[in-house]
Amino acid sequence: MSARDTLLARTQVREVMETMDGIACDWIVPDGADALDDLLCRGEADIAIHEASSLPYPLREELALAALIKGPDGMESCAAETLPFAAHPLQGKLAVVCRADRADLRGLFSRLDVRSTYGKVWLVGAGPGSADLLTLRAQRVMAQADVVYCDDLVDESLLSICGGECIYVGKRKGRASHKQDAINEKLYRSAIEGKTVVRLKGGDPSIFGRAGEELEFLRRRCIPVETVPGITAAAAA
C-alpha cells in the first residue's frame, strides 16, 4: 500500500485499513501522486490511497478506481463549513486506486464504495425528431429513468416514453432556461441521490450537444455515465 507521508495521509489510511479486518499492509511512502501511480503500474504496491479531491484525472489506462470511500467522521462537513469558498464535491472522501486488472482488490473494497449508492447518468440522443428513428436502447433507458432532463430540440411526442419526471433545460441562442453549469450540477445531484438520470438531446449527443463537457464534469466526480448515440439530422436527411 502506498500513500503520501503526511499526518493527514496517515490518518486517512488508518481509517480505511481499520475497516478491513484481517488485512495486513506494508507502508510505502512515495513522493507525490505521480509516484503513487508509478508504484502501482510497476506492481510494487497493491493499492494507493488518495484524497479524492486531488485524484489525478484522468487515471492512467493501467489503473482503476477501486473504491470511493467516506472519509473520517465530520471531514466533509468540516470542510464545507470552514472553507471561504465552495468545497470540492469530493472533499473529505478517499480514493482507493489499484491496477485495472486487479478485480480481486476492487471486490475487496466494494462494500466500502459509496458509489454503490449512486445512480447513473445516460446522455441519450433523441435522433432527428421522429419517434421511429429513436434507437431501441434509447427507448429502454428513457422508460427506466427516474428523471429526464430534456433538451430544446427534442420532439415532445418522445416524452411519453419517459418513465419518470421530465424537466425542461433547453437552450437556444439568446434564450436559455438553464446555464450549462446549472445543468451539469443537476445531473450530478440527481445521480448522487441514487436516481437513474437521462440527459435527452436532439440528434446525437456528441455532435454539437456538449456531451464531452458533461461527461468530464460527471467523471471527475466519479459518477457512472454512458452515452447512447442518436441519429444526427445530417445523416438522416
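Figured I'd write up the structure that's included with this text. If you're wondering where the values come from, they're calculated on a predicted model, not measured in any experiment. (Residues numbered from 1 in each chain as written. Predicted model: local features only at pLDDT ≥ 70, side-chain atom pairs only at ≥ 80, totals over all residues. Heavy atoms only, no water.)

**Let's talk about the pattern of salt bridges**
Counted according to the given criterion, the structure contains 14 salt bridges. Arg210 is the salt-bridge partner of Glu213, the closest N and O atoms lying 3.0 Å from each other. Judged by its relative accessible area of 32%, Glu213 falls in the partly exposed class. Between Glu216 and Arg220 there is a salt bridge, and its shortest N-O distance comes to 3.0 Å. Of this pair, Glu216 and Arg220 both sit in helix 7 (residues 211–220), separated by 4 residues, roughly a single helical turn. (Salt bridge = Lys/Arg side-chain N within 4 Å of Asp/Glu carboxyl O. Buried < 20%, exposed > 50% of the residue type's maximum accessible area, 1.4 Å probe, protein only. Helix = DSSP H or I, 4+ residues; strand = E, 2+ residues; numbered from the N terminus.)

**Digging into the sheet that holds strand 3 (residues 93–99)**
By definition, the strands of a sheet pair up through backbone hydrogen bonds, in either a parallel or an antiparallel sense. Strand order in this open sheet of 3 strands is 1-3-2, and the pairing throughout is antiparallel. Sheet topology places strand 1 (47–51) and strand 2 (63–70) at the edges, where each strand pairs with a single neighbour. Between one strand axis and the next, the sheet turns by 25° as a mean value, whatever way the strands run. (Pairing = 2+ DSSP bridges. Axes fitted to C-alpha atoms, helices over the stretch in contact; angles between N-to-C directions.)

**Structural notes on the nonpolar core**
If you look at the biggest cluster of nonpolar residues, it comprises 32 residues, and the most contacted ones within it are Leu68, Val121, Leu187, Leu218 and Ile223. Listing elements by their share of this core, those giving two or more residues are helix 2 (33–41), strand 2, strand 3, strand 4 (120–125), strand 5 (147–150), helix 6 (180–192) and helix 7. Leu134, Ala138, Val148 and Val154 belong to the second-largest nonpolar core, a separate cluster that totals 16 residues. (Core = buried A, V, L, I, M, F, W, Y, C linked by side-chain atoms within 4.5 Å.)

**Considering unusual backbone geometry**
Following Tyr57, the chain continues into Pro58 via a peptide bond in cis, with omega recorded as -10°. Secondary-structure assignment places Pro58 in the loop between strand 1 and strand 2. A positive phi angle, near 65°, is found at Cys222, a position not held by glycine. Position of Cys222 relative to the elements: it lies in the loop between helix 7 and strand 10 (225–228).

**Regarding the sheet that holds strand 5**
If you walk across this open sheet you meet the 5 strands as 6-5-9-4-10, and the pairing is parallel. Only two strands of the sheet have a single neighbouring strand rather than two, namely strand 6 (165–168) and strand 10. Across this sheet, the average inter-strand angle for adjacent strands is 20°, counted without regard to direction. Here strand 5 runs beside strand 6; their pairing, made up of 4 bridges, is parallel. Bridged to Val147 within strand 6 is Glu165. Packing against the sheet, helix 5 (residues 136–144) makes contact with strand 4, strand 9 (196–201) and strand 10, and its axis sits at approximately 135° to strand 4. Its contacts with the sheet place helix 6 against strand 4, strand 5 and strand 9, and it is angled at close to 155° to strand 9. (Contact = heavy atoms within 4.5 Å.)

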